[in-house]
Protein chains: 2
Amino acid sequence: MDEALSACQYVLMNDAANPIKAVLGAGLGAAAAHNRRAVIDAIRVNGPLSRADLARATRLAKQTLSNIVEELETSGLLVACDPVTEGRGKPATPYDLAPMGALSVGVQIDRTVARTVVMDLRGAVLSRRDAPLRSRDPEAGLKLVTRLLADTRAALAPDVRGRIVGLGIAMPGPFGPDAPATRDDYTMAHWRGAGLAAQLHAATGLEVALQNDAAAAATAERLTGRAHGLRDVVCLYLGYGLGAGLILNGELYGGRHGDAGEIGMIPLPGSDTLLEHQVALAGFCETFAVPMADPRMFARIEAVLTRGGPALDAWIDRAAAGLGWVAQMLALVTDPQAVILCGTAPRPLLERLTQAVNAAAPRVALQLGHADPWVVAMGAAAEPIARNFDPKYAALLKS
Amino acid sequence: MDEALSACQYVLMNDAANPIKAVLGAGLGAAAAHNRRAVIDAIRVNGPLSRADLARATRLAKQTLSNIVEELETSGLLVACDPVTEGRGKPATPYDLAPMGALSVGVQIDRTVARTVVMDLRGAVLSRRDAPLRSRDPEAGLKLVTRLLADTRAALAPDVRGRIVGLGIAMPGPFGPDAPATRDDYTMAHWRGAGLAAQLHAATGLEVALQNDAAAAATAERLTGRAHGLRDVVCLYLGYGLGAGLILNGELYGGRHGDAGEIGMIPLPGSDTLLEHQVALAGFCETFAVPMADPRMFARIEAVLTRGGPALDAWIDRAAAGLGWVAQMLALVTDPQAVILCGTAPRPLLERLTQAVNAAAPRVALQLGHADPWVVAMGAAAEPIARNFDPKYAALLKS
DNA sequence: ATGATTAAGTCCACCTACTGGACTAATAAT
DNA sequence: ATTATTAGTCCAGTAGGTGGACTTAATCAT
């Protein structure tokens, strides 16, 4: 990921001779912006809230909240619900996030398919669209993705098209300079040099953010899933490979290059296999001779699961051992509130793995999250929503 | 760690019936407080800076900075340096952190010893003090620590005594409810229930913060060591056990209970040893029959090192393998800018381990940090300085 | 030497966004 | 009917960052 695209707390003065590294200052405007985010977040986490509730929750003055809510309502981000009377006193008017208050487009670029999703402020999916992709040809792929995005936007009612706040892209990582250079279909490394984000920005005019698929899945899990409203969460993502999205201090943690959570590449001590080989779908498909490019791959995996048998049991045991181990390890490293397993994988498989892991009575139980081919695309779409509307440190600083 | 003692972004309304979880709002005052922190941090990271430099770096108006600098100068936190003329224009007056501008006391409570350190705003150590401790007896230990702290403060000049901003405590973790209950000398688990922080707060009247030793070491490394000015750092800490302090997004990351980084307890897959048994000082002392309670333990370890021999080589190899593995793993998980090894251990041992790890050409080279019996105490003292003067999210929010 | 240019820092009037208290509105308990 | 309680508005006040004009002190060009 371009560093410029990630939130950047320290700013290097480009004074050439004398670069000064410093945290940006905070001004009135930044505080105001933050307070709007805090309101939206509070409503997303708690459901509809009245101005009085919001004032208490944020510790801001009633008046301040009155102003903010009014402003958000007129700009179409909040809608008033019916007044509710609870005990004595004047009935409160709760406000909820406006359906379509803001829209976001997400695109997942995967080995064999591109998927787009349109999501609104509440995290509701408004439309889905996909198209087969040949991962060997990024040029043609880019064209296809561009067209898919154009179609996706064209299908929106003209009056809401202007409410799109950004484009999220998700694809397999890692993106940093240390990423392995093997340019095969599996890692999709040859897509990355292409300035994908810049090109899609040019093609769409939208603000663009690039995440790896595990980070995207965690973003989805945070906006609409099990990680909703939690502060510290490990979100394991099982797809072709294995990754983790880390939510730390209430924000997705990316690290220096956005490559945090690349746990698939952890070497198992005392052997030269990688964790990923033992746990992810690629290994499953290899073991059970399911062709990964097959559009009916999910159905075939489910068939293997229902058929059962000792080979399957053995695979599950081995995978659960690896998964349980990495879950415990990440729990020790990050001391989280929850560990979630989600994935682009058939739900029965994730269910079975979750049960197998939890059967070993780990310190932190594994929770089952989204098991859906669309998680990553949803997470991609969730990113611009989070970027624009979630409270975060960077939103409190200048510029 | 009491959750109340850790920075808490989400606040639970104690409305009993209807708890609302929300991020606090931001006000004028919080922004002002943040800007003061940003100034102090910028000077700490870059060295003396003029008002103009600071204005550019923080993107605040010249005037704003003039006000802030004046205020910080009169409150004794900054001092003007001699004006420097650089090319054309009026010479700039750089400001530096005032020696003794603020003081902090740190106490390390270890298995056999208690150490106190007084540190100033710049991270300079003003005094050290230690006393032997019998870890079996927390009651007597608490008295001893209290006396040690009283002595430490009494030895300060009366006019600076009022400048103490807090008391940092560091001791072996973990602190969370999942911590193993074995109450032996090694884990010091029986110290933890004692409400240590609360009691020392009562005894000293100072604001108290409790960290595990690895977190403290990372805090020291951040204020005065290799992690200075970096945003994402893994700091491995080798003492009796092995731990990690994680600096993520420029702040020490603690997790739910302040137990993040407890990597010593990671089980090595396919065996039932813990990582710690392979890497830390406890294992070394056992292997080479060095009594851990011996006050001359360091010298004896160094003797083993200089003597050398195949047993030593084997131990180093095994430890370096474990250390290198965990360093790589944490680098994959957190995608950091640097991985640092520090410890309460003889410098030659850490040097040798660092070399052995780097000989294997890891993706991220291990850097040698503080190797000093006083790191943890220094880190304990650094915490209140960081808490009061480092820019952080929480400082921008209400109350 | 003298004036032009550049940069640091001050002065001062201004603006923005949060604040606190008085006030109104609507409901429940007595 | 009266009182208590809570939601929400009105309005004047305040804190703190802002922007532009101005002063000071250096270098550079002539």
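Sequence order as written defines the numbering, with residues in each chain counted from 1. Lettering of chains starts at A and numbering of ligands starts at 1, both following the order in which they are written. In view of the model being predicted, local features appear only for residues whose pLDDT reaches at least 70, and side-chain atom pairs are presented and counted only at 80 or more, with totals across whole chains, interfaces and linings using the full set of residues. Remark: hydrogens and water are excluded; side-chain values derive from all non-hydrogen atoms of the structure.

Chemist: Would you explain the domain arrangement of chain A in this entry?
Modeler: How large an interface is tends to be reported as the accessible area lost when its parts come together. All names here are of chain A. How far each domain reaches was decided by an automatic or database domain assignment. Splitting chain A by domain gives domain 1 (3-97), domain 2 (103-219 + 378-387) and domain 3 (228-372). Relative placement of domain 2 and domain 3: their C-alpha centres are 23 Å apart. Throughout, a residue-residue contact means that at least one pair of heavy atoms, one from each residue, lies within 4.5 Å. The interface is formed by 19 residues belonging to domain 2 together with 22 residues belonging to domain 3. We define buried area as the total accessible area lost by two parts upon association, computed with a 1.4 Å probe and summed across both. Roughly 1,500 Å² is buried in total at the junction of domain 2 and domain 3, and carbon and sulfur atoms are behind 62% of that figure. Pairing of N or O atoms within 3.5 Å defines a polar contact, subject to two protein rules: one partner must be a possible hydrogen donor and the other a possible acceptor, and residues neighboring in sequence count only if both atoms are side-chain atoms. At the junction of domain 2 with domain 3, the criterion picks out 3 residue pairs in polar contact (both at pLDDT 80 or more). Secondary structure elements with two or more residues in the side of domain 2 that touches domain 3: strand S9 (208-212) and helix H7 (213-224). By definition, any uninterrupted DSSP run of H or I lasting at least four residues is a helix, any uninterrupted run of E lasting at least two residues is a strand, and each is numbered from the N terminus. In terms of residues, the side of domain 2 that touches domain 3 owes the most to one element, H7, which gives 6 residues. Residues of the side of domain 2 that touches domain 3, tallied by class, amount to 10 nonpolar, 6 polar and 3 charged. All amino acids are sorted into three groups, where Ala, Val, Leu, Ile, Met, Phe, Trp, Tyr, Cys and Pro are nonpolar, Asp, Glu, Lys and Arg are charged, and the leftover types, Gly among them, are polar.

Chemist: Sorry if this is basic, but what is going on with the interface of chain B and chain A here?
Modeler: With 75 residues of chain B at the contact, the number on the chain A side is 75 residues. The junction of chain B with chain A conceals about 6,300 Å² of combined surface from both sides, 59% of it contributed by carbon and sulfur atoms. We define a salt bridge as a side-chain nitrogen of Lys or Arg found within 4 Å of a carboxyl oxygen belonging to Asp or Glu. Where chain B meets chain A, there are 0 salt bridges. Along the contact surface separating chain B from chain A lie 32 residue pairs in polar contact (both at pLDDT 80 or more). Mapped by element, the contributors of at least two residues to the side of chain B that touches chain A are strand S1 (10-12), strand S2 (21-23), helix H1 (28-46), helix H2 (51-58), strand S11 (242-248), strand S12 (251-253) and helix H11 (310-334) of chain B.

Chemist: What should I look at first to understand the protein's contact with DNA strand D in this one?
Modeler: Whether a residue is near a molecule or strand is decided by its heavy atoms; if any one of them lies within 4 Å of it, the residue is near. Around DNA strand D there are 28 residues in total, and A:Gln63, A:Ser66, A:Lys90, A:Thr93 and A:Lys398 lie nearest to it. The share of sugar and phosphate among atoms of DNA strand D within 4 Å of the protein is 71%. Contact between DNA strand D and A:Gly89: a base oxygen at 3.2 Å from a main-chain N or O atom of the residue. In the environment of DNA strand D, a phosphate oxygen lies 2.3 Å from a nitrogen or oxygen atom belonging to the side chain of A:Lys398. Within the residue set of the surface near DNA strand D, elements represented by two or more residues are helix H2 (51-58) and helix H3 (62-74) of chain A together with H1 and helix H3 (62-74) of chain B. For the surface near DNA strand D, the residue count by class is 10 nonpolar, 10 polar and 8 charged.

Chemist: Can you help me understand unusual backbone geometry in this one?
Modeler: Comment: phi is negative for the bulk of residues other than glycine, and the bulk of peptide bonds are trans. Looking along the chain, the bond that leaves A:Gly173 and enters A:Pro174 is cis, with omega of -10°. Within the secondary structure, A:Pro174 is located in the loop between strand S8 (164-171) and helix H6 (196-204). One non-glycine residue, B:Met100, lies in positive phi territory at about 60°. Its identity as a non-glycine residue notwithstanding, B:Asn249 has a phi of 55°, on the positive side.

Chemist: Explain the relation of the copies chain B and chain A here, please?
Modeler: Both copies of the chain are tied together by a single rotation about an axis and a shift running along it. Least squares is used to superpose the copies, and the fit set is the C-alpha atoms of residues whose pLDDT is at least 70 in both copies. Rotating chain B by 180° and moving it 0.0 Å along the rotation axis overlays it on chain A with an RMSD of 0.1 Å. Expressed as an axis order, the relation between the two copies is that of a two-fold axis. In terms of proximity to the rotation axis, the leading residue of chain B is B:Tyr393, whose C-alpha is 2.6 Å off the axis.

Chemist: It is not clear to me how empty space enclosed by the protein should be interpreted in this structure. Could you clarify?
Modeler: Think of a ball as big as a water molecule: rolled over the atoms, this probe shows where empty space is left. All names here are of chain B. Both site types are read off a 1 Å grid over the protein atoms alone. A 1.4 Å probe that fits but cannot get out defines a cavity, while an open set with protein on both sides within 12 Å along at least five of seven lines defines a pocket; lining residues have an atom within 4 Å of a point. Grid points are joined across faces, edges and corners, and a volume is the space filled by probe spheres set on the points. As enumerated under the stated definition, the model contains 7 cavities of 30 Å³ or more in all. For the largest cavity, the calculated volume is near 120 Å³. Going through the elements one at a time, H1, helix H7 (213-224) and helix H13 (375-389) are the ones with two or more residues in the lining of the largest cavity. Taken together, the residues that form the lining of the largest cavity break down as 6 nonpolar, 4 polar and 4 charged. If you count residues domain by domain, the lining of the largest cavity takes at least three from each of domain 1 (3-97) and domain 2 (103-219 + 378-387).

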